[in-house]
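Descriptive analysis of the structure
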Amino acid sequence: MFDQKHRVTRSDYELWRAGQDETAARIAADPDRLLFHAEPELGWLNDPNGLVQVGDTYHIYHQYDPFDAAHGGPVLWNHLTTKDFVTYENRGPALFPDSDLDSSGAYSGSAFMHDGKIHYFYTGNVKHFDRDDYDYVLTGRDQNQIHMVTENPDKLGEKHIAVGPVDYPDDISTHVRDPKILEHDGIYYMVLGARTKDDRGCVLVYTSHDLECWKYATRIELGEKFGFMWECPDLFELDGELILVCCPQGVPADGWRYQNPHQCVWFRIEADWEAPSFKIAGQGMPPMVDAGFDFYAPQSFADADGRRIMIGWAGCPDATAQNPTVERGWQCALTVPRVLNMRDGKLCQWPAREVEQLRKERVSVTAGETVGSPGRLFDAVVSCRGTKSIELEVREGVVVCFASGMLTLDMGDEGYGRDKRSVELDELYCLRVLSDATMLEVFVNDGEVALTSRTYSSAAPAMQLRAEGDASMEFYRLAR
Ligand code: FRU
């Protein structure tokens, strides 16, 4: 019996997993499995967690409910490793909700490398079940920010509370989670996603000199309400700017913006490190990190090459969009790792260059020409500066097009609840469609805009580059 009312230990999991070999083998052989994206062996996956590079290996953990592909069960942290960002080794669950501190779920968190030791911080979710009138927002829940230190990314160390319910400001509800650490001038900053008692999202900031003792310092918020809870904050320095990425829940749609039930947006932050105080810079509508149907809870880290790499969950909580694989025992995946940069005041993302190692046969076409049998595994790069309109059928009935200043991803008749997503653009000069068996990641204008969506439509019989004006496309089939 696996639910949030019961803890799950490693031995509970192992006993259960021993009976799952046949299911796991059937899932691994399913034609809808992805070639170069991480996805769960069994069940359900959500947020990426604890991203860290140790030597030549990247460690990626993620929220994992192996017991139920529809996610009715508790979450663990599963552990993956990769050296090349196209093959992932599944090392199995590394963190279990097995203690009083996290009995209803080992929620999201991050890793921070310091002096050869890895410091993990995550949220232990504790729900109380001794009464039946808890609302689990103001009552009946504790969220503990837990610290573990280790040198071994397979064994995460003892659990200690770093920040707990007594440390939250009085106006904050029981929803406080998803710790992420930033170091600046020898001081550590922990950001936590939070919901106030009157349902406004914000980010709490705690500071520390030693990663052990944490003190509440300040909060990051907008003057006007923007969602009821801000999940998964990520505060990082990038190209001389301080950037906050976070996921406000329950922002109403506004024109083409914020069409998903929950959002992932970014803010430029003006910091006074002495105070400290962190103010959201500028006015206007917070830009979405990704405008597709399936993107949420990304996390970033700096790798040894100095790249800031972001990985997202290719999914969305409370989405009306479905994944038909749930009936076959699994759903959701992580996005391809994306390198972040600031360009002209915009947060740009581009697939890590490692992905290009899968590029095999190359076909070059110009406007009006066709690629025969494109299949589902490809990387297509279109150059189209000055082109008035453009259209590319990336699956049967699934089209990426640009016309009258709107870029649209139209998922056709078989989107499983996904219809269309559009983004307004001043111009379109380049478009990249990175396509895995059941995943599309579209990057616009060198990554100023991204759209991630799962797709279960068949391969298009042919892919014609339809354009009004000059355009050309480099099309690569992808394979191992
Ligand atoms: C975001 C989220 C986090 C939480 C985790 C639980 O998708 O709700 O806020 O820590 O998922 O799985």
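Residues numbered from 1 in each chain as written. Predicted model: local features only at pLDDT ≥ 70, side-chain atom pairs only at ≥ 80, totals over all residues. Heavy atoms only, no water.

Examining the overall build of the protein
Secondary structure assignment for the protein yields 2 helices and 35 strands. The C-alpha radius of gyration of the protein comes to 22 Å, within 12% of the 23 Å expected for a compact globule of 480 residues. Overall size of the protein, expressed as C-alpha extent along the three principal axes, is 65 × 55 × 45 Å. In the protein, which comprises 480 residues, the proportion classed as buried is 60%. Once local pairs closer than 6 in sequence are excluded, the contacts in the protein between residues at least 24 apart make up 60%. Accessible surface for the protein amounts to roughly 18800 Å². Of this, 45% is attributable to carbon and sulfur atoms. Within the protein, one finds 47 positive and 77 negative side-chain charges whose respective centroids are separated by 2 Å. (Helix = DSSP H or I, 4+ residues; strand = E, 2+ residues; numbered from the N terminus. Rg over C-alpha atoms; globule rule 2.2 N^0.38 Å. Buried < 20%, exposed > 50% of the residue type's maximum accessible area, 1.4 Å probe, protein only. Contact = heavy atoms within 4.5 Å. Areas by Shrake-Rupley, 256 points an atom, 1.4 Å probe, with all protein chains shown as cover. Lys, Arg positive; Asp, Glu negative; His and termini not counted. Charge placed at Lys NZ, Arg CZ, Asp CG, Glu CD.)

Here we look at the sheet that holds strand E15 (residues 265–272)
Overall, antiparallel pairing links the 4 strands, which are arranged E13-E14-E15-E16 in an open sheet. In the strand order of this sheet, the two ends are held by strand E13 (229–238) and strand E16 (277–280), each with one partner. The mean angle between the axes of side-by-side strands here comes to 35 degrees, regardless of whether they run parallel or antiparallel. With 8 bridges joining them, E13 and strand E14 (residues 241–249) adopt antiparallel strand pairing. Across the sheet, residue Asp234 finds its bridge partner in E14, namely Val245. (Pairing = 2+ DSSP bridges. Axes fitted to C-alpha atoms, helices over the stretch in contact; angles between N-to-C directions.)

Some words on the site of the ligand
Within the structure, the ligand sits among Asn46, Asp47, Gln63, Val75, Tyr107, Ser108, Arg177, Asp178, Glu231, Cys232, Tyr296 and Trp313. Here Asn46 contributes a side-chain N or O atom positioned 3.0 Å from an oxygen atom of the ligand. Between the ligand and the protein, one listed contact pairs an oxygen atom with a side-chain N or O atom of Glu231 at 2.7 Å. Contributions of two or more residues to the shell around the ligand are made by strand E1 (43–54), strand E5 (106–114), strand E9 (172–184) and E13. (Near = heavy atom within 4 Å. Polar contact = N/O pair within 3.5 Å; in protein donor to acceptor, adjacent residues only side chain to side chain.)

So, the layout of surface pockets
When its volume is computed, the largest pocket comes out at roughly 1100 Å³. Contributions of two or more residues to the lining of the largest pocket are made by E15, strand E22 (346–351), strand E29 (420–424) and strand E32 (449–454). The class makeup of the residues in the lining of the largest pocket is 20 nonpolar, 7 polar and 12 charged. Counted as a void, the second largest pocket has a volume near 800 Å³. Every residue lining the second largest pocket is counted, 35 residues in all, and those nearest its centre are Trp44, Asn46, His71, Trp313 and Pro317. Listing elements by their share of the lining of the second largest pocket, those giving two or more residues are E1, E5 and E9. Of the residues in the lining of the second largest pocket, the class split is 13 nonpolar, 13 polar and 9 charged. (1 Å grid on protein atoms, 1.4 Å probe; cavity = no way out; pocket = protein on both sides within 12 Å on 5 of 7 lines; lining within 4 Å. Points joined across faces, edges and corners; volume = space filled by probe spheres on them. Nonpolar A, V, L, I, M, F, W, Y, C, P; charged D, E, K, R; others polar.)

Some thoughts on unusual backbone geometry
Going from Ala275 to Pro276, the amide bond is cis rather than trans, its omega being -15 degrees. Mapped onto the elements, Pro276 comes out in the loop between E15 and E16. The backbone of Asp115 shows a phi angle near 50 degrees, a positive value even though the residue is not glycine. Assignment of secondary structure puts Asp115 in the loop between E5 and strand E6 (117–127).

Considering the nonpolar core
By size, the foremost hydrophobic cluster in this structure holds 52 residues, and its most contacted members are Ile269, Leu407, Leu428, Val444, Leu451 and Met473. For Ile269, the residues in contact, after removing those within four places along its chain, are Ile220, Leu235, Leu242, Ile243, Leu244, Phe278, Lys279 and Ile280. Tyr296, Ile309, Met342 and Ala352 belong to the second largest nonpolar core, which has 32 residues in total. (Core = buried A, V, L, I, M, F, W, Y, C linked by side-chain atoms within 4.5 Å.)

As for helix H1 (residues 10–17)
Here H1 has its buried residues at Tyr13, Trp16 and Arg17. What you see down the axis of H1 is that its buried residues fit within an arc of 95 degrees, all on one side. In this fold, the buried residues of H1 make contact with helix H2 (21–28), strand E3 (76–82) and strand E4 (89–95). (Arc of directions from axis to C-beta.)

Take it as geometry only, folks, not as evidence of what the structure does.
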